[in-house]
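Residue-level listing of the chains:
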Amino acid sequence: MDSVRWRRRASRLLALGLCLLAVCTGLALVAGPAVADDTAQANDTIPGTVVENDTADPESDRLGWENGVWANATLSITQSDGINETELDAVVARTMARVEAVRGIEFDRTPPVRILLPREQRAESEQLQYADVQRTRLNATYEALFLINETESAVDSKQALRGNGVNGYYSPETGNVTMVSPNSSVPQIREGVLAQELFHAQQDAQFDLPEVRTIEQRNARNGYVEGDANYVQDRYEQRCGETWTCYRPERESYPDLSGVDDGMMTLFRQPYQSGYAFVRDRHQESGWEAVDELYENPPESTEQVIHPEKYGADTPTNVRVRDRSSAAWQPLTVDGVQFTQSVGEAGLYVALLSPLQETAGRRAIIPLDNHRVGGLGDAVTRSYDHPATAGWDGDKLLPYTAAEGNATGYVYETAWDSPEDAREFHDAYRKLLAYHGAEPVVGKSDTYRIPESSGFADAIYLNRTGDRLRIVNAPSVDALSEIRAGAAPPASGPDGQWSHLLWKADLDADRLTDPVAVEGTVSVYDGDAIYGIDRDEGSLLWTKAVNESIVADVTAADGTIYAGTFDSTVLAVDATTGEQQWTSQVDDRMVTAPAVADGTTYVTTTAGTLYALNATTGEQRWRTQLNGTTRSIQVVGDTVLTRNLTTHFGVDTQTGTIEWSVPSSGRLLAPPVASDGTVYTGSFNRTRDTSSLSAVNPATGETRWREERNGSAPTRLVVTDEMVYANAFNTSDQSGQLLAIERASGKQRWTVEFERPVTATAVDNGTLYAGTAGGELRAIEGTTGDEKWTVDADGAVNAPLVVANETLYAGTKAGTLTALATTTGEQRWAVFADGLASISPTLVDGAVYARAAPSLYAVEMPATEGSTDTGAGDAAGDGGTDETSDETPAENSESTPDETEREPTATSPQDTQTASEDGSGFGIVAAVVALGLIAVARSRR
């Protein structure tokens, strides 16, 4: 092949065959037939000194034989002191023969193979040069995906990936294969990696591979090119464990990949994962001919690789970006042609995955169980399919640079299969903004400002119209309309999240207790201090530092905030001023919030002591010793109700005398609920796997009825005029249940099953609402148990659920607070907590608040004519508490996505520069991907 052809291919493919350390090692192995041949002919191509055992050569070249060596030949080579040229030629010849046996294609040339030591590979990578325009586009791309911020360099990450994470690669520019030794001192070769790179050379020679100019084009092409090569290596390695002896020298040490961005690596891995499955399934269904057809009719997008059913059926939209910037900004161009980028469905998926990766799963838009698939030994362990990105139909990013200075921005157009798909991604993207602390800009429509602390300190404008979503980015709010005329238009009213929030108080806290309200002041504890916040404006009125952590929620009564601390101190603070009124010492730390009634504060301790303190002075009125750690204090009439793990106690409020105690048949899990002269309790006996629900007279301790059942543990109770509803956890299969018990008789009325445990409940106007750990919200007819509606809550539902003014408020661990119409389940709106922190609503003093550390939100309740606040429903009990919307943008002067500009056809610098700023072609075997997979390969030897 002449040098002109190589140069032409280089402009299309760049470094075709880069093999990142773990993509090409540790693959799941698939068996294939062995090859043998007895055709007689002298073997004079490879010296006999390195060929220990082989059959005679064939009369002419054939599959399974190359350069005098058969696929099943035995070589006499030891790599402990390195491998010389003669030995390398023998290994290359045998590997080519074996690739032929596996893939069924004949090599038409022998690619030269060289071996670099790791330090030599790093040195070559550092010599790659990136033009300024390439650097700008690459940095803008990864910033737009929220993967690499403005203080970092995407180019540095790319060079670190190539320099430290590469096992080998094939270069169409030279026609050579480069292998990186697993040993830092002597040249060695891993045969499986060599097989993949040699196959890449044959792919280049045999098939007409398309040009690539963007990340999306590269990953779409690599989906079948890398998928094919990795599948070939997989089948090759299987024979190494069955009929062949292969060279697999141990890696001396793992490379330093600290300079490689996780998101960049995850995006780079996509074709190796999705592509492998794409090719494997096609081969297993229709053979190698069906795989070869992919080169004739290649997938047009990563979408078609991620979703094979869309291959050949869903041609992506050719999205274009029209320049509507002012003289202060100019689009990134090369020779007058826009230098755009596209990242495809895979790129947008990785952007939404980034919170999960950055927080080790503590925050997530795409949950871990969506991304991680398969198990030990599986070749495909990562999915790139999620509903928020599955409707992708096209995207185009156009970077901008300031006419003066080095500031950058971009316009990013995305197209979707339907308006609903556009809305779904729009919602997910707003979560990504919330994760980075973006605040809606007051007075601007759909405009956000990201704080400096996030590293992505920019302004963002979103415009969703039909099946299109446009994202405009600039360093300031004012610059948005300079980059895109009409962006960030004035808002006619409160915009974005602020249209549903009265205020937000930032407290810089790791946790927050449920808020309480006294005389116009809302108080909350954050782990270090109690705060008093103006109920109407959200401004901070006072702060009371607490030396020791408060053990549970604070309690408000008669203008005072009460709390118990870990250092056994009961604290009383004036709710208006924050001034300390008194402290009182008890015998041990407390585990539940104080209870206040009729001028007395009641607390219990881990020493089993119940205290009654004067609520005004803190002076002890009496103390009573109970057995075990006591918790869950309630005052019903003249009786203080409390309990330990197995027994309920009734204590006289005046004297502290224990009037009665009722032992249960198991552990008391559900906090007791008092209603109309009866206390309802639930317990579970783990040994016998039985549970019971009981109704107890609080004055005497007499059991009015008891209902027993098998296999489910009651965790929460809600009581109405006619029914007792119990959340139950099914111990046999970890599922959830709701039980309806007739309040008067204890007779069970109905049971409703859930796939995941029920985590929160509320009752209002005869309807029971339930949220689950699986993210399900369900409305149930309280009398019959019939389902009224079910919706997805977008994450595990937190307790409590709140019902007010015909609206159900639900918070999730994923950081979403949703308001739903109680009658239909239709979403009225949704807001996202800063940093996607877990959020929980509560109803206090006529307003709905939501806590999501570090912030407390006051939520505006939608008023309905003639409605009244109903609290957490019309039921008694905690409503599921624990002991311990999107709006379509208004029409504005900005253009619609239909305004387009001619797509440039000129060659971009990516096609002519030595360095590729969107990745290293295909064939990469990268270090990060394989760390978990190497053990798989070892376990199969």
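Our structure is the block above this text.
1. Things to note about the overall build of the chain
Step number 1: Across its full length, the chain holds 16 helices and 54 strands.
Step number 2: Relative to its full complement of 941 residues, the chain shows a buried share of 61%.
Step number 3: Roughly 35100 Å² of accessible area belongs to the chain as shown, and the carbon and sulfur atoms make up 43% of that amount.

2. Here we look at helix α2 (residues 85-103)
Step number 1: Relative to the 27 Å expected for 19 residues at 1.5 Å per residue, α2 spans 26 Å between its end C-alpha atoms, a close match to the ideal helical length.
Step number 2: By the criterion of burial, α2 is predominantly enclosed, with 16 of the 19 residues buried.
Step number 3: Its side-chain oxygen placed 3.1 Å from the backbone nitrogen of Thr86, Asn84 serves as the N-cap of α2.
Step number 4: Residue Gly104 follows α2 closely and has a positive phi angle near 75°.

3. Some points on the nonpolar core
Step number 1: Counting 57 residues, the largest nonpolar core has Val91, Val113, Met179, Ile189, Leu194, Leu198 and Tyr236 as its most contacted members.
Step number 2: Where this core is concerned, the elements lending two or more residues are α2, β6 (113-116), β8 (176-180), α6 (191-206), α7 (215-240), α8 (262-286) and α9 (288-296).
Step number 3: For this core, the element with the most residues is α2, which contributes 10 residues.
Step number 4: Within the second largest apolar cluster, 51 residues are counted, among which are Leu397, Ala428, Tyr435 and Phe832.

4. Points about the packing of aromatic side chains
Step number 1: If you walk through the whole model with that rule in mind, you get 19 aromatic pairs.
Step number 2: Plain terms: the ring middles of Phe278 and Tyr311 are 5.7 Å apart, the flat faces sit at 80° to each other, and that makes the pair edge-to-face. With a gap of 33 residues between them, Phe278 in helix α8 and Tyr311 in the loop between α10 (302-306) and β9 (329-331) connect regions that are remote in the sequence. Like Phe278, the residue Tyr311 is buried in the burial classification.
Step number 3: Between Tyr809 and Trp829 the ring centres are 6.1 Å apart and the planes differ by 55°, which places this aromatic pair in the tilted class.

5. With respect to the pattern of salt bridges
For side chains bearing opposite charge, pairing can occur when the charged atoms are close.
Step number 1: Tallied over the entire structure, the rule returns 24 salt bridges.
Step number 2: For the salt bridge of Arg98 with Glu191, the shortest nitrogen-to-oxygen distance reads 2.7 Å. Here Glu191 lies in helix α6 and Arg98 lies in helix α2, a separation of 93 residues in the sequence.
Step number 3: Of the residues examined, Arg98 reaches a relative accessible area of 1% and is grouped as buried.
Step number 4: Several salt bridges converge on common partners, so that one network encompasses Glu439, Lys504, Asp506 and Asp834.

6. A word on unusual backbone geometry
Trans peptide bonds make up most of the peptide bonds, and negative phi angles are found at most residues other than glycine.
Step number 1: In this structure, the amide linkage connecting Ala799 to the following residue, Pro800, adopts the cis form with an omega of 0°.
Step number 2: Assignment of secondary structure puts Pro800 in the loop between β46 (787-792) and β47 (802-804).
Step number 3: Geometrically, the link from Ala853 to Pro854 is a cis peptide bond, its omega value of 15° lying close to zero.
Step number 4: Although it is not a glycine, Glu519 adopts a positive phi angle of roughly 50°.

7. Things to note about the environment of Phe754
Step number 1: Of note, Phe754 is situated in strand β42 (residues 748-754).
Step number 2: For Phe754, a relative accessible area of 3% corresponds to the buried category.
Step number 3: When the C-alpha positions of Phe754 and Leu738 are compared, they lie 8.1 Å apart, and in sequence the two are 16 residues distant.
Step number 4: Setting aside chain neighbours within four positions, we find Phe754 in contact with Ser735, Gly736, Gln737, Leu738, Ala770, Thr772, Glu776, Arg778 and Ile780.

8. Here's the deal with the sheet that holds strand β50 (residues 827-832)
Step number 1: A sheet is described by the order of its strands in space; here 4 strands give the open sequence β47-β48-β49-β50, paired in antiparallel fashion. Two strands in the sheet have a free side with no partner beyond their single neighbour: β47 and β50. Here the strands of the sheet are splayed against their neighbours by 15° on average, with no regard to which way each runs.
Step number 2: Note: strand β49 (residues 816-821) against β50, 5 bridges, orientation antiparallel.

9. Quick word on the side chain of Thr340
Step number 1: You can see Thr340 is positioned in the loop between β11 (337-338) and α11 (344-358).
Step number 2: By relative accessible area, which is 11% here, Thr340 ends up buried.
Step number 3: With sequence-adjacent residues up to four places away left out, Thr340 is seen in contact with Arg137, Thr214, Lys396, Leu397 and Leu398.

10. Quick word on the packing of α2 against α6
Step number 1: The contact between α2 and α6 brings their axes to 9 Å, and the two run at 70°. Between α2 and α6, the crossing angle belongs to the class labelled roughly perpendicular. Crossing of α2 over α6 shows right-handed handedness. On α6, the residues that touch Val91, Val92, Arg94, Thr95, Met96, Arg98, Val99 and Arg103 of α2 are Glu191, Leu194, Ala195, Leu198 and Phe199.
Step number 2: By residue class, the composition of the contact of α2 with α6 is 8 nonpolar, 1 polar and 4 charged.

11. A word on the side chain of Gln270
Step number 1: Tracing the backbone through its elements, the reader meets Gln270 in helix α8.
Step number 2: Judged by its relative accessible area of 0%, Gln270 falls in the buried class.
Step number 3: Beyond its immediate chain neighbours, meaning those up to four positions away, Gln270 contacts Asn219, Gly275, Thr302, Val305, Ile306, Ala346 and Tyr384.

12. Re the sheet that holds strand β32 (residues 639-643)
Step number 1: Spatial strand order, β31-β32-β33-β34: 4 strands in an open sheet with antiparallel pairing. The sheet is open, and its two edges are formed by β31 (631-636) and β34 (658-663), each paired on a single side. This sheet shows a mean twist of 15° between the axes of neighbouring strands, independent of strand direction.
Step number 2: In the sheet, strand β33 (residues 647-652) pairs with β34 via 5 bridges, with the strands oriented antiparallel. Counterpart to Thr647 in the pairing with β34 is Pro663.

13. Considerations on the pairing of strand β48 (residues 807-811)
Step number 1: Counting buried positions along β48 yields 5 of 5 residues, so the element is predominantly enclosed.
Step number 2: Side-chain alternation along β48 places Thr807, Tyr809 and Gly811 on one buried face and Leu808 and Ala810 on a second face that is also buried.
Step number 3: Joining the antiparallel neighbours β47 and β48 is a turn of 2 residues, in which Asn805 adopts a positive phi near 50°.
Step number 4: Two elements, β48 and β49, share 5 bridges in a ladder whose sense is antiparallel. Bridged to Ala810 within β49 is Thr818.

Basis of the calculations
Residue positions within a chain follow its written sequence, with the count starting from 1. Local features in a predicted model are, by the rule used here, given only for residues with pLDDT of at least 70; side-chain atom pairs are given and counted only at 80 or more, and totals for whole chains, interfaces and linings are based on all residues. Here the side-chain values reflect all heavy atoms present in the structure, with hydrogen atoms and water set aside. In this text, helices come from DSSP runs of H or I with a minimum length of four residues, and strands from runs of E with a minimum of two, each type numbered from the N-terminal end. Burial classification: accessible surface area is computed with a 1.4 Å probe over protein chains only, and a residue below 20% of its type maximum counts as buried, one above 50% as exposed, and the rest as partly exposed. Only the protein chains shown count as cover for residues, and the accessible areas themselves come from Shrake-Rupley with a 1.4 Å probe. Expected helix span is taken as 1.5 Å per residue step, with the number of steps being one fewer than the number of residues. Side-chain atoms alone can form a polar contact between residues adjacent in sequence; in general such a contact is a pair of N or O atoms within 3.5 Å, and within protein one must be able to donate a hydrogen while the other accepts it. Only buried residues count toward a nonpolar core. Its members are Ala, Val, Leu, Ile, Met, Phe, Trp, Tyr and Cys residues joined through side-chain atoms within 4.5 Å. Only rings of Phe, Tyr and Trp enter the pairing, Trp through its six-membered ring, and a pair is recorded when the two centres are within 6.5 Å. The plane angle decides the type: under 30 degrees is stacked, over 60 is edge-to-face, the rest tilted. When a carboxyl oxygen of Asp or Glu lies within 4 Å of a side-chain nitrogen of Lys or Arg, that pair is called a salt bridge. Contacts are assigned to residue pairs with any non-hydrogen atoms lying within 4.5 Å of each other. Following DSSP output, two strands are said to pair if at least two bridges run between them. Only the stretch in contact is used when a helix axis is fitted, and all axes are lines through C-alpha atoms; the angle between N-to-C directions ranges over 0 to 180 degrees. Any angle from 65 to 115 degrees is called roughly perpendicular, while one under 35 is roughly parallel, one over 145 is roughly antiparallel, and all others are oblique. We call a crossing left-handed when the near helix sits turned anticlockwise from the far one by less than a right angle, and right-handed when that turn is clockwise. Charged means Asp, Glu, Lys or Arg here, nonpolar means Ala, Val, Leu, Ile, Met, Phe, Trp, Tyr, Cys or Pro, and polar covers whatever is left, Gly included.

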